Amino acid sequence: MNDIGLGQGSNVDKRRKVLHQGLKAAVYGIPLLALGLTVNSSVLMTDAGYSYVHQNNITGELDVFTEPGIHFRMPFLSKITQYDQVITVSFGNSKGEDFYQRLDPVQVRFADTYIGQIPVTFRFKLSNDPEAVEKMHKEFRNNSNLIDALLVKNARNVTVITATQYTGEEFFQGGLNQFKSKLGDQLRNGIYTTERRQVEVEQLDLAPVGIEQSNANQLQRTNQLVWKTVPVVDNTGQPIRQDNPLQQYGIQVTQVTIGDPQPEKQLDQLLADKKRLVADRIRAIQEQETSKAQAETEQLRKEIQRTREVQDAQRQKELAIISQQKEVEVARQIAEREIVEVEKTKRLAEVEKEKELAIAEANLAIQKANALSAEFEAKAILEKGRAEAEVLKAKYAALGANREVYLAELNREVANSLYNNLQNFQVQMPQNYIGGGDETGLKTNLDVITGFGALGLMDQTKKVVQQ
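Residues numbered from 1 in each chain as written. Predicted model: local features only at pLDDT ≥ 70, side-chain atom pairs only at ≥ 80, totals over all residues. Heavy atoms only, no water.

(A) Layout of the overall build of the protein chain. The secondary structure content of the protein chain amounts to 8 helices and 14 strands. Counting every position in the protein chain, which comprises 467 residues, the buried fraction comes to 21%. Total accessible area on the protein chain is roughly 34,200 Å²; 54% of this is exposed by carbon and sulfur atoms. (Helix = DSSP H or I, 4+ residues; strand = E, 2+ residues; numbered from the N terminus. Buried < 20%, exposed > 50% of the residue type's maximum accessible area, 1.4 Å probe, protein only. Areas by Shrake-Rupley, 256 points an atom, 1.4 Å probe, with all protein chains shown as cover.)

Here it is in C-alpha cells:
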C-alpha cells in the first residue's frame, strides 16, 4: 500500500511540473505570438504581375501597389485585395496555360439567322494608374467579380454583336480573319453603332458549265440581297462608336485569338453540299477541259503538220529563189568583171595611146629640136666651110704663088715618112707557088690536099739537102 502511495505521489509531482512549464511557456509565448501576428499583419509583400488595393478600415483610405516590394499597413484593421495585372478569358478552349476562366464557346447568330459556336480567347491587361485601379475596385471589389461581371460579359457581348455583321457563309468561307480584326477593334475602341438593313452582297462564283462556255474556270460576280447589321458612319466615313466600358478603367485588350469555329447542322450541311457541288463542278470542268484540251491538241497537231508543210514548201520556194538569185548574182558578177576587163583594156589602150602620143609629141619636139640644131649646125658648117674655103683659097693662092717651095716641102715630108715607115721593111719572095688560072687551078679538095702534100715533101727535101 505504501508503494502504491509513493508511486501516486511521484505522478502528481510530474503533472505539477509539466503544468508549471506549460504556464511558463504560455506566459512567454503568447506575447511573442501576438508580436509576430502584429508584425505579419503590419507588413505587405507584393509580387510581380499583381496589383494590390490596401483598404484602411479606420480612415477608409485606399492605397494601390502595382510594383513588387515591401509595404506597411494598418495591422488587423486593414484589408488587402489582389488583382491579376494580366487576365486571360477563354471561351471553349481548355488547352494550354491555366486560364482564369474556362467557359463554353460563344454561341452567335449570323445575319442570315444561322448559328455558330466560336471558340475565342481574350487577353486583358489592367491599368497601373492608381486612380483607375481604385475606381475599378470600388465597383467590382475583387478579381473574380471583375472577370465575371465585366470582362466575360463584355467579351461575349462584343463577339455576339460582331457576328451579326456577317452571314454564315461569309464567315465560314474566308471572313474569319476580318471578323477577328473587327472584334479586336470594337473591344479596344468601342462597339459600332449599327442599324439593320438589307444590303447587296457581291460574291465571286465560277461561271456555269456549258458547251458554249469558252473558259469554265472564269469567275463571275453575283449579287445577293441579305439583312445585315451595318455600322453607322459619320460625315468622314468613320464608324460611330458606343462608349467602351473597359476604357474608363484603363483596361487594355492585348490579344484576341480565335479557334476553330463550328457551324450549326443546317449551315454545316449547306457548306458540305456546296463543297460537294463545287467538287462535282470541278470534276465536270476538268472533264470538259480534258476534252477541250484533247480537241485543241488534235487541232494543234494538224496546225503543226500544216505549218510544217507550208514551211517546207516555203523553204523549197526560198531555196529556188535563192538559187536563181545566186545564178543572177554570178552572171551579174561575171558581167561586171567582163565590163571591168573591157574598161581595163580600154583604159590600158587609152593609156598606151596617150603614152605613144606623148612619145610622138616628145619625138616631134626632139625632131624639131634636132632639125633646128641641124639647121644651125649646117649653117655653122656652111659658115665654117666658107671660112675654111676662104682660108684654103687664100692658102692655095699663097701656095700657087710659091709652087716650087711647096712641092719641095711635100717631097721632103714624103721622104721622111717613107724613111720612118720602111726603115726595117724586108721583102722576101715565095719559094714555092701553087696556083693556076680558072681552068688549071685547084678545083677540088683533093687538089688542095695534094698541093699541100707536095709542099710538105719539098720542105723535107730541103732540110735533107741542108744537112
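(B) Spotlight on the sheet that holds strand S9 (residues 115-118). Here 3 strands make up an open sheet; going across it, the order is S8-S9-S14 and the pairing antiparallel. Each edge of the sheet is formed by a strand with only one pairing partner; in this case those strands are strand S8 (106-109) and strand S14 (262-263). For S8 and S9, the ladder comprises 4 bridges, and the chain directions are antiparallel. Its bridge partner lying in S9, Val 106 is registered against Ile 118. (Pairing = 2+ DSSP bridges.)

(C) Structural context of the side chain of Asp 84. Take Asp 84: it is sitting in strand S5 (residues 78-84). For Asp 84, which is buried and forms no salt bridge, the nearest opposite charge comes from Arg 123, at a distance of 11 Å. Within polar-contact distance, the side chain of Asp 84 engages the side chain of Asn 143 at 2.9 Å. (Lys, Arg positive; Asp, Glu negative; His and termini not counted. Salt bridge = Lys/Arg side-chain N within 4 Å of Asp/Glu carboxyl O. Polar contact = N/O pair within 3.5 Å; in protein donor to acceptor, adjacent residues only side chain to side chain.)

(D) Summary view of the nonpolar core. If you look at the biggest cluster of nonpolar residues, it comprises 38 residues, and the most contacted ones within it are Val 120, Phe 122, Phe 124, Met 136, Leu 146, Leu 151 and Ile 251. Of all the elements in the fold, those that place two or more residues in this core are strand S3 (62-65), strand S6 (86-91), S8, strand S10 (120-125), helix H2 (130-140), helix H3 (143-163), helix H5 (176-189) and strand S13 (252-258). A per-element tally of this core places H3 first, with 8 residues. The residues that make up this core include at least three from each of domain 1 (17-64 + 71-79) and domain 2 (85-205 + 219-263). In this structure Met 136 touches Tyr 83, Leu 126, Arg 141, Leu 146, Tyr 249 and Ile 251, once residues within four positions along its chain are discounted. (Core = buried A, V, L, I, M, F, W, Y, C linked by side-chain atoms within 4.5 Å. Domains from an automatic or database assignment. Contact = heavy atoms within 4.5 Å.)

(E) Just unusual backbone geometry, in detail. Although it is not a glycine, Thr 113 sits at a positive phi angle of roughly 75°. Relative to the elements of secondary structure, Thr 113 occurs in the loop between S8 and S9. Note on Thr 113: relative accessible area 51%, which makes it exposed. With phi around 75°, Arg 141 is a residue other than glycine that occupies positive phi space. Examined against the element boundaries, Arg 141 turns out to sit in the loop between H2 and H3.

(F) A look at the packing of aromatic side chains. Summed over the entire model, instances satisfying the criterion amount to 9 aromatic pairs. Their ring planes at 50° and their centres at 6.5 Å tell us that Tyr 50 and Tyr 52 sit as a pair that is tilted. Judged by relative accessible area, Tyr 50 falls into the partly exposed class, the value being 27%. We classify Tyr 52 as buried; its relative accessible area is 4%. Here Phe 110 and Phe 171 contribute two aromatic rings whose centre-to-centre distance is 5.0 Å and whose plane-to-plane angle is 35°, an arrangement assigned as tilted. Here Phe 171 lies in helix H4 (residues 168-172) and Phe 110 lies in the loop between S8 and S9, a separation of 61 residues in the sequence. The exposure class assigned to Phe 110 is buried, which follows from its relative accessible area of 3%. An aromatic cluster is defined as three or more aromatic residues linked by ring pairs; in this entry it consists of Phe 110, Tyr 166, Phe 171, Phe 172 and Phe 179. (Phe/Tyr/Trp six-rings, centres within 6.5 Å; stacked < 30°, edge-to-face > 60°.)

(G) Highlighting the pairing of S8. Residues Val 106 and Val 108 point to one face of S8 and are all buried, whereas Gln 107 and Arg 109, pointing to the other face, are not buried. In this antiparallel pair of consecutive strands, S8 and S9, the connection spans 5 residues, and Thr 113 shows a positive phi of 75°.

(H) Structural view of the environment of Val 120. Within the secondary structure, Val 120 is located in strand S10. Sequence separation of Val 120 and Pro 105 is 15 residues, and the distance between their C-alpha atoms is 7.0 Å.

(I) Up close: the pattern of salt bridges. Scanning the entire structure with this criterion turns up 10 salt bridges. A salt bridge links Glu 195 to Arg 197; the nearest nitrogen and oxygen atoms lie 2.3 Å apart. Its relative accessible area of 37% is what places Glu 195 among the partly exposed residues. Among the residues examined, Arg 197 registers a relative accessible area of 34% and is labelled partly exposed. Bridged by salt links that share partners, the residues Glu 329, Arg 332 and Glu 336 form one connected network.

(J) Local environment of the pairing of S3. In the sheet, strand S2 (residues 50-56) pairs with S3 via 4 bridges, with the strands oriented antiparallel. Looking across to S3, one finds that Tyr 52 is bridged to Phe 65. Here S2 folds back onto S3 in antiparallel fashion, the turn holding 5 residues, of which Gly 60 has a positive phi close to 80°.

(K) Spotlight on the sheet that holds S2. An order of S3-S2-S5 is seen for the 3 strands of this open sheet, with the pairing classed as antiparallel. Looking at which strands have only one partner, the edges of the open sheet turn out to be S3 and S5. For this sheet, the mean inter-axis angle between neighbouring strands, taken without regard to orientation, is 20°. Relative to S5, S2 runs antiparallel, the two sharing 7 bridges. Counterpart to Gln 55 in the pairing with S5 is Lys 79. (Axes fitted to C-alpha atoms, helices over the stretch in contact; angles between N-to-C directions.)

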